[in-house]
Amino acid sequence: MAKIRGAVVVDVEGCKGCGVCIPACPSEVLDLAKEVNGKGYNYSFMKNPEACVGCANCAIVCPDGVISVYKVKVA
Amino acid sequence: MAEITLQDIIKEENLVYKKSKVMTDNTLSYCPGCGHGTAHRLIAEVIEELGIQSETIGVSPVGCSVLMYNFLDIDMQQAAHGRAPAVATAIKRIMPEKYVFTYQGDGDLAAIGTAETIHACNRGENITIIFINNGIYGMTGGQMAPTTLEGMPASTCPFGRDIELMGNPLKMTELVANLAGVYSVSRHSVHTPRNVRKAKKAILQAFESQKLKRGVSFIEIVSNCNSGWKLTPRKANEWMEENMFPFYPLGDIKVDGQLVTK
Amino acid sequence: MEKELRLMKGNEAIAEAAIRAGADAYFGYPITPQSEVIEYLMAQQPHKRTGMVVLQAESEVSAINMIYGAAACGRMAMTSSSSPGISLKQEGISYIAGAELPCLILNVVRGGPGLGTIQPAQSDYFQSTKGGGHGDYRLVVLAPASVQEMYDSVELGFDLAFKYLNPVMVLADGIIGQMMEKVELGEQKVRRTPEEIIKQCPWATTGKPESRDHNIITSLDLVAANQEKFNIKLQAKYKEIQDKEVRYEMINCEDADYILVAYGSSARLSMKAMDILRAKGIKVGIFRLITLFPFPSKQLFELADKVKGFLAVEMSAGQMVEDLQLAVQFKKPVKHFGRFGGVIPSPEEIADALEQKIIGG
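**Q** Could you give me a rundown of the interface of chain C and chain B, with the residues and numbers involved?
**A** The partner chain B presents 35 residues to the 32 residues of chain C that form the contact. Between chain C and chain B, roughly 2,600 Å² of surface is buried when both sides are summed, and carbon and sulfur atoms account for 60% of that area. Of all residues in chain C, E58, K208 and H214 of chain C give up the largest surface area on contact with chain B, accounting jointly for 22% of the area buried on that side. For R212 of chain C, the salt bridge goes to D75 of chain B, with nearest N and O atoms at 2.7 Å. Inspection of the chain C/chain B interface yields 16 residue pairs in polar contact (both at pLDDT 80 or more). Counting residues per element, the ones that place at least two in the side of chain C that touches chain B are β2 (25–28), β3 (53–56), α4 (60–71), α5 (83–98) and β9 (216–217) of chain C. Considering every element that reaches the side of chain C that touches chain B, the biggest residue donor is α4 of chain C, with seven residues. Across the side of chain C that touches chain B, the residue classes break down as 17 nonpolar, 10 polar and five charged. Here strand β3 (residues 75–78) of chain B runs beside β9 of chain C; their pairing, made up of two bridges, is parallel. Along β9 of chain C, the bridge assignment pairs M76 of chain B with I216 of chain C.

Structure, rendered in structure tokens:
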């Protein structure tokens, strides 16, 4: 059976660390980083990248539109 | 089978979602977690998908979203406080083939602009009105709005809204639904993926119905104001579900010119 | 070609002029003594004659914001009202000035303050010429003194509005609006096409094509330094208007010892007063203001060297007289005579006032 693998890319400097993407993810991929970006926000990152299925739920609730999503089918 | 790496996935051909091209690259001026950004993005996505970037004129309000024109890559006008429906009326009447929308907060649409809102709706202008209701005046620092809930604190009702003193919260959306010139009315939120998808569908239908000259499509988005509510973004969304949604229930209120009976 | 003459009220003439000038839109709200403007337009069905949009708004506030919306699309948009309604429009007028949009606003002035009266007055001079709403801005203010000039003020007004991207006010009064006179009508102009509008107004919000950046119409700049820079630009524009657009008429001023300074209906009343005084052997001339902003300060300053005194005649408690005093700069006596609150002065009263306040004073 084909497996779906996804990945998200967060524009670290654009992220305001609101964390709205975290509960939106069905696979618990995302978390806020301990580090901060240039504006002092704890930005969102893939804590469990293997779990990402590329559903884009995180991106569509991101108020700042800083998440891009990629998806591939793995044979 | 070799393990697939992130580099293998993150390639242009595998892209499934990114910010709409109708959004500019300017950083949104909103607080972290504010629903305005999501609402803006949905409008941009609808404009992009319908291919109407050159046909759309937006009207921004006074309030937090006054600078909306910096974030959407379309022609826009900034209206005086509450006057967006009057401004949009003129734009649509002189250019009926264009898509015209207003984007207004609760203070703008439901307090100072009540007359303009009701009369544009009643005339049945072929426009889309997007109403962001977060129950508070965000930009001026958290004062009471016409939509502030009973008991809800704000800087001008620090002990909570007292109906005896301050009157009732206004359900503007139900009010305009009763007007003959209004074709569709629905209430949404943009805090979960499911709700975002529904809100986007409503905005898409609203723009499409402009082409059919059906009258006003009115979309309320119940949203958060973390700063005004003094909650973290995620807590604010939970508070919204628990407190705002019971008084401002999500769903269709008027469909195809007919009030929805519950 | 034979002239097209018609007997019309001032309010009707300006409405007909708007249609013939190829105006794109009129938005208004009824108020005495100018309701004939929208009544005439509605009866003419300009949407059939030229495609002009005419709409009765729910308030003056709404009407002026409709003007903002239409003007921001590069359209020739006009509104009209009378004093209390013009007060309501001030927020929108300030935004229009702040966004540098062209439009035409007619004020058929009635007596105030408050609800006042429905009879003619000229007591909105300060409001019209000093800005009216909030912020450092000016309107170009035209003062017609006949029904013909009401008619002509439309084309002139729109020309100035689009030349300077500034709101233009036609400051009439209840007499000019209500009285009937013979008017020579101009030819029907063809309204500009959307393509012509885009060419003439590249700043307009007509829909963003691939070929240009998005157009934004706003009066907001949160950076004070930028807002100051914008204000300096506005002031430069007003200076240019002051230098280039002063309009006035001098009647019998060549040999005059005394000058009646007036505009609109007061200028007409002053004509008769001049006749009375000249019959008595007193050499009186009239300086009729056609633009109130820009005010012909330089011309009056120069005229002051040749005469013995000025009487400002206005249907107000004394507003225009302040600009006259500033212009004359104490070279010669400047006095004011006015009836107000809706009372029209008689020519005899004006003649007496000159004799008592200037000659006797």
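**Q** Which residues make up the pattern of salt bridges, and what are the values?
**A** This structure, assessed with the given rule, holds 41 salt bridges over all chains. The salt bridge involving E45 of chain B is made with R41 of chain B; its shortest N-O contact spans 3.4 Å. On the criterion of helical spacing, the pair formed by E45 of chain B and R41 of chain B is a turn pair, its members being four residues apart in helix α2 (residues 35–50). Residue E45 of chain B shares its accessibility class with R41 of chain B, and that shared class is buried. Between E100 of chain C and K237 of chain C there is a salt bridge, with its nearest N and O atoms 2.8 Å apart. You can see E100 of chain C sitting in the loop between α5 and β5 (103–109) and its partner K237 of chain C sitting in helix α10 (residues 224–244), a full 137 residues away along the chain. Using a relative accessible area of 13% as the deciding quantity, one classes E100 of chain C as buried. Residues joined in a network through salt bridges with shared partners are E4, R6, E16, R20 and R49 of chain C.

**Q** Hey, could you go over the sheet that holds strand β10 (residues 248–251) of chain C for me, with residue numbers and the actual values?
**A** Residue and element names in this part refer to chain C. The sheet built from five strands is open, its strands ordered β10-β12-β11-β14-β15 with mixed pairing. In this open sheet, the two edge strands, each paired with only one partner strand, are β10 and β15 (334–337). Direction aside, neighbouring strands of the sheet carry axes that sit 20° apart on average. Two elements, strand β11 (residues 258–262) and strand β12 (residues 284–289), share five bridges in a ladder whose sense is parallel. Among the inter-strand pairings, Y258 is bridged to a residue of β12, identified as V284. Sheet strands touched by helix α14 (residues 347–359): β11, β12, β14 (309–313) and β15. Its angle to β14, the strand with the most contacts, is close to 140°.

**Q** Provide a residue-level description of the sheet that holds β3 of chain B, including the pertinent values.
**A** Strand order in the open sheet formed by nine strands is β11(B)-β10(B)-β8(B)-β9(B)-β5(B)-β4(B)-β2(B)-β3(B)-β9(C), and the pairing between neighbours is mixed. Of all the strands in the sheet, just β11 (258–259) of chain B together with β9 of chain C have a single pairing partner and so form its edges. By the bridge criterion, two bridges tie strand β10 (residues 251–255) of chain B to β11 of chain B in an arrangement that is antiparallel. For V255 of chain B, the partnering residue across the bridge sits in β11 of chain B and is Q258 of chain B. The sheet strands contacting helix α5 (residues 114–123) of chain B are β4 (99–105), β5 (128–133), β8 (182–189) and β9 (216–222) of chain B, and the helix crosses β9 of chain B at an angle near 140°.

**Q** Describe the nonpolar core, naming the residues involved and giving the relevant values.
**A** All names here are of chain C. F27, L300, F310 and L324 are the most contacted members of the largest nonpolar core, which has 128 residues in total. In terms of residues, this core owes the most to one element, helix α7 (residues 147–164), which gives nine residues. For this core, the two domains that each supply at least three residues are domain 1 (4–195) and domain 2 (248–359). Ignoring anything within four residues of it in the chain, the contact list for L300 reads V261, F287, L289, F295, F310, L324, A327 and V328.

**Q** Can you break down the environment of S219 of chain C residue by residue, with the values?
**A** All names here are of chain C. One can find S219 in the loop between β9 and α10. Judged by its relative accessible area of 25%, S219 falls in the partly exposed class. Separated by 22 residues in sequence, S219 and I241 have C-alpha atoms that sit 21 Å apart. Contacts of S219, omitting those with residues within four sequence positions, involve Y95, G98, A99 and Q227.

**Q** Can you break down the interface of chain A and chain B residue by residue, with the values?
**A** Contacts between the two partners involve 34 residues from chain A and, on the opposite side, 33 residues from chain B. When chain A packs against chain B, the two sides together hide about 2,600 Å² of surface, and 65% of this comes from carbon and sulfur. At the boundary of chain A and chain B, one finds zero salt bridges. At the boundary of chain A and chain B, one finds nine residue pairs in polar contact (both at pLDDT 80 or more). Those elements giving two or more residues to the side of chain A that touches chain B turn out to be β1 (3–10), α1 (21–24), α2 (57–61) and β4 (67–74) of chain A. When residues of the side of chain A that touches chain B are assigned to their parent elements, the largest contribution, seven residues, is made by β4 of chain A. Across the side of chain A that touches chain B, the residue classes tally to 23 nonpolar, six polar and five charged. Pairing between β4 of chain A and strand β1 (residues 15–17) of chain B: two bridges, direction antiparallel. The partner of V69 of chain A across the bridge, within β1 of chain B, is Y17 of chain B.

**Q** Describe the arrangement of the chains, listing the residues and the values that go with them.
**A** Inter-chain contacts occur across two pairs of chains; the most extensive set of contacts lies between chains B and C. The two units chain A and chain C are non-contacting; their minimal C-alpha-C-alpha distance is 20 Å.

**Q** Describe the domain arrangement of chain C, and please don't skip the residues or the numbers.
**A** Residue and element names in this part refer to chain C. Considered domain by domain, chain C is made up of domain 1 (4–195) and domain 2 (248–359). Domain 1 and domain 2 are separated by 27 Å when their C-alpha centres are compared. In this complex, domain 1 contributes 28 residues to the contact, which on the side of domain 2 involves 25 residues. Here domain 1 packs against domain 2, burying approximately 2,100 Å² in sum over the two surfaces, 54% of which is carbon and sulfur. It is Q122, Y125 and F126 in domain 1 that bury the most area against domain 2; as a group they hold 33% of the surface buried on that side. At the junction of domain 1 and domain 2, the tally comes to three salt bridges. Its salt-bridge partner being E149, residue R288 comes within 2.6 Å of it at the nearest N-O pair. One can count 15 residue pairs in polar contact (both at pLDDT 80 or more) joining domain 1 with domain 2. Looking at the side of domain 1 that touches domain 2, the elements that each hand over two or more residues are α6 (125–129), β6 (140–142), β7 (167–173) and α8 (174–178). Classifying every residue of the side of domain 1 that touches domain 2 by side-chain character gives 15 nonpolar, seven polar and six charged.

Criteria and thresholds
- Residues numbered from 1 in each chain as written.
- Chains lettered and ligands numbered in written order.
- Predicted model: local features only at pLDDT ≥ 70, side-chain atom pairs only at ≥ 80, totals over all residues.
- Heavy atoms only, no water.
- Contact = heavy atoms within 4.5 Å.
- Buried area = accessible area lost by both parts, 1.4 Å probe.
- Salt bridge = Lys/Arg side-chain N within 4 Å of Asp/Glu carboxyl O.
- Polar contact = N/O pair within 3.5 Å; in protein donor to acceptor, adjacent residues only side chain to side chain.
- Helix = DSSP H or I, 4+ residues; strand = E, 2+ residues; numbered from the N terminus.
- Nonpolar A, V, L, I, M, F, W, Y, C, P; charged D, E, K, R; others polar.
- Pairing = 2+ DSSP bridges.
- Buried < 20%, exposed > 50% of the residue type's maximum accessible area, 1.4 Å probe, protein only.
- Axes fitted to C-alpha atoms, helices over the stretch in contact; angles between N-to-C directions.
- Core = buried A, V, L, I, M, F, W, Y, C linked by side-chain atoms within 4.5 Å.
- Domains from an automatic or database assignment.

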